[in-house]
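Working through the structure, step by step
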Amino acid sequence: MDTVAGAVTQEPPPAASGRQAGPLIVTEDVELLDDLLRLCAAAGATPEVHHSVPERAGGWEAAPLVLVGDDAARRVRGAARRRGVVLVGRDQDDSGVWRRAVEIGADHVLMLPDGEQWLVDRIADVAEGVGRPALTVGVMGGRGGAGASTLACALAVTSAREGLRTLLVDADPLGGGLDVLLGGETAEGLRWPAFAASRGRVGGGALEESLPELHSLRVLSWDRGDRIAVPAQAVRAVLAAARRRGGTVVVDLPRRIDDGVAEALAQLDLGVLVVPGELRAVAAAGRVASAVGMVVRDLRVAVRGPYAPGLDDREVARLLGLPLAGEVPVEAGLARPGEGKVPPGAGRGPLARFCREFWERALLEAGAA
């Protein structure tokens, strides 16, 4: 049991995917109820309100989150013990709140107004039905022209073709736009500049619905305007929202690291460094790996031929001191991105096979973690 004042101190209880019921509020304190209803509205949730434990069968047990006003602690003392109970009060100096929290089996003690942001986030998790977060993979080039953007697109297209909820994020404002690479530069939907003012929490469902849908996946890319960066807070909020939706998130990353890119790197489960099989590329990739490896806990190398004499995929991985993600096959879609109507990874060629095998391994490892 923890006191909360704006920071998450305990993982929320597991919830099934999909839209969930709203929280259960138990209180007779009119002012406290007004505050809790306001916070529920901010989180996009519709609560059920009672003065004591609901009489209907399962009402207390089935609610995804229970917010008990300190005034109602005595009235719910005999209710069945369960996870996801928060005792909410206002008196920071009332030491008796701990005893009352123990008596009702609360996970948290929360004091308003300090804990408002934490509570909004927690209620929003309930409203969105947070389950397993998305497996988030970042792809970056060991040098310019390595084919990282094409591989990122191919991984995203393959993930979507396998039936997974998929979001492709373009984190490189100078890359020309992944929507262009996928043939969707005129598709309706928001681009990065629309999220530049985002702070705190972005709704995962609202984010997904606002983005262009191309080849059965959602794409967050750049528009053709002059903006070449968004604040780090916006990157953090958007990627956190994307991860809460589950499935997979693929992030195309530049080789330079600014505050926004650092935020993206911090949310990766797996990083893939694309390195051509030549000595100069390996040397450049070594510098990128040194910088990225300080943030990304699982960084692997994907090697692309043709190879210089004395090199192959295993030797490149050995020189970089990184695990080998595999050998990226050379095919027309990878060498000349965007020239054809078929997006990278959409066919049955070697690139699509590489991507399918990549996801099979990555998802298996994530499931076993």
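Above this text is the structure in question.
Rules of the game
Residues numbered from 1 in each chain as written. Predicted model: local features only at pLDDT ≥ 70, side-chain atom pairs only at ≥ 80, totals over all residues. Heavy atoms only, no water. Core = buried A, V, L, I, M, F, W, Y, C linked by side-chain atoms within 4.5 Å. Buried < 20%, exposed > 50% of the residue type's maximum accessible area, 1.4 Å probe, protein only. Helix = DSSP H or I, 4+ residues; strand = E, 2+ residues; numbered from the N terminus. Contact = heavy atoms within 4.5 Å. Axes fitted to C-alpha atoms, helices over the stretch in contact; angles between N-to-C directions. Parallel < 35°, antiparallel > 145°, perpendicular 65-115°, else oblique. Left-handed = near helix turned anticlockwise from the far one by under 90°. Nonpolar A, V, L, I, M, F, W, Y, C, P; charged D, E, K, R; others polar. Phe/Tyr/Trp six-rings, centres within 6.5 Å; stacked < 30°, edge-to-face > 60°. Salt bridge = Lys/Arg side-chain N within 4 Å of Asp/Glu carboxyl O. Pairing = 2+ DSSP bridges. Polar contact = N/O pair within 3.5 Å; in protein donor to acceptor, adjacent residues only side chain to side chain. 1 Å grid on protein atoms, 1.4 Å probe; cavity = no way out; pocket = protein on both sides within 12 Å on 5 of 7 lines; lining within 4 Å. Points joined across faces, edges and corners; volume = space filled by probe spheres on them.

In this section: the nonpolar core. Ranked by size, the top nonpolar core spans 44 residues in total, and within it Trp-192, Leu-253, Leu-273 and Val-275 carry the most contacts. Sorting the residues of this core by element identifies strand E8 (166-170), helix H8 (232-244), strand E11 (248-253), helix H9 (259-266), strand E12 (270-276), helix H10 (279-292), strand E13 (299-304) and helix H11 (313-320) as the ones contributing at least two each. The contacts of Leu-273, once residues within four sequence positions are left out, are Met-140, Gly-141, Gly-142, Ala-285, Val-288, Ala-289, Leu-299, Arg-300, Val-301, Ala-302 and Leu-322. In this structure, Leu-135, Ala-146, Ala-152 and Val-250 belong to the second largest nonpolar core, which totals 34 residues.

This part covers the side chain of Thr-27. Within the fold, Thr-27 resides in the loop between strand E2 (24-26) and helix H1 (30-43). Accessibility expressed as a relative area gives 1% for Thr-27, which makes it buried. Ignoring any residue separated from it by four or fewer positions in sequence, one finds Thr-27 in contact with Leu-32, Leu-33, His-50, His-51, Gly-69, Asp-71, Ala-72 and Arg-75.

Contact geometry of H1 with helix H4 (residues 116-128) gives a least axis separation of 8 Å together with a crossing angle of 55 degrees. In terms of orientation, H1 and H4 fall into the oblique class. Between H1 and H4 lies a crossing of right-handed hand. Here H1 contributes Leu-36, Arg-38, Leu-39, Cys-40, Ala-42 and Ala-43 to the contact with H4, which in turn contributes Glu-116, Leu-119, Val-120, Ile-123, Ala-124 and Ala-127. Considered class by class, the residues forming the contact of H1 with H4 number 10 nonpolar, no polar and two charged.

Further remarks concern the packing of aromatic side chains. This structure, assessed with the given rule, holds two aromatic pairs. On the numbers, 6.1 Å between centres and 35 degrees between planes, the contact of Trp-192 with Trp-222 is tilted. Of this pair, Trp-192 sits in the loop between helix H6 (178-181) and helix H7 (204-210) while Trp-222 sits in the loop between strand E10 (217-220) and H8, placing them 30 residues apart in sequence. Ring centres 5.4 Å apart and planes at 80 degrees place the aromatic pair Phe-358 and Trp-359 in the edge-to-face group. Trp-359 sits in the buried class, given a relative accessible area of 3%.

A word on unusual backbone geometry. A cis amide bond, omega 10 degrees, links Leu-112 with the succeeding residue Pro-113. Assignment of secondary structure puts Pro-113 in the loop between strand E6 (108-111) and H4. The step from Gly-305 to Pro-306 runs through a cis peptide bond, and the omega angle for that step is 0 degrees. Take Pro-306: it is sitting in the loop between E13 and H11. Residue Ser-216 is not a glycine yet carries a positive backbone phi of 70 degrees. Of note, Ser-216 is situated in the loop between strand E9 (213-214) and E10. On the basis of relative accessibility, which here comes to 55%, the residue Ser-216 falls in the exposed class.

This part covers the pattern of salt bridges. Scanning the entire structure with this criterion turns up 23 salt bridges. Asp-35 is the salt-bridge partner of Arg-90, the closest N and O atoms lying 2.4 Å from each other. You can see Arg-90 sitting in the loop between strand E5 (85-89) and helix H3 (96-104) and its partner Asp-35 sitting in helix H1, a full 55 residues away along the chain. On the basis of relative accessible area, Arg-90 is assigned to the partly exposed category, the value being 35%. When its relative accessible area of 19% is taken as the criterion, Asp-35 is described as buried. Arg-236 serves as the salt-bridge partner of Glu-263, at 2.7 Å between the closest nitrogen and oxygen. One end of the pair, Glu-263, is in helix H9; the other, Arg-236, is in helix H8, with 27 residues separating them in the sequence. Among the residues examined, Glu-263 registers a relative accessible area of 18% and is labelled buried. For Arg-236, a relative accessible area of 39% corresponds to the partly exposed category. Each of Asp-35, Arg-38, Arg-90 and Glu-116 takes part in a single network of salt bridges with overlapping partners.

A few words on the sheet that holds E8. Reading across the sheet, the eight strands line up as E9-E10-E8-E11-E7-E12-E13-E14 and stay open at both edges, with mixed pairing between neighbours. Sheet topology places E9 and strand E14 (324-328) at the edges, where each strand pairs with a single neighbour. Relative to E14, E13 is paired through four bridges, and the arrangement is parallel. Note on E14: the bridge partner recorded for Arg-304 is Val-328. Contacting strand E7 (135-141), E8, E10 and E11, H8 runs over the sheet at an angle of about 150 degrees to E11.

Now for the side chain of Asp-269. Along the polypeptide, Asp-269 turns up in the loop between H9 and E12. A polar contact is formed between the side chain of Asp-269 and the backbone nitrogen of Thr-136, at a distance of 2.8 Å. In this structure, Asp-269 is in contact with Ala-134, Leu-135, Thr-136, Arg-243, Arg-297 and Asp-298, ignoring residues within four places of it in sequence.

Bringing empty space enclosed by the protein into the picture now. Counted by the stated rule, this structure contains two cavities of 30 Å³ or more. Here the largest cavity is characterised by a volume of approximately 80 Å³. Along its surface, the largest cavity is lined by Arg-165, Thr-166, Leu-167, Gly-204, Leu-207, Glu-208, Leu-211, Arg-218, Ala-242, Arg-245, Gly-246 and Thr-248. If one sorts the elements of the lining of the largest cavity by residue count, H7 sits on top with three residues. Partitioned by chemical class, the residues of the lining of the largest cavity number four nonpolar, four polar and four charged. Of the pockets and cavities examined, the second largest cavity occupies roughly 30 Å³. Along its surface, the second largest cavity is lined by Leu-270, Arg-300, Ala-325, Phe-358, Arg-361 and Ala-362. The element best represented in the lining of the second largest cavity is helix H13 (residues 350-368), accounting for three residues. Grouping the amino acids of the lining of the second largest cavity by side-chain chemistry returns four nonpolar, no polar and two charged.

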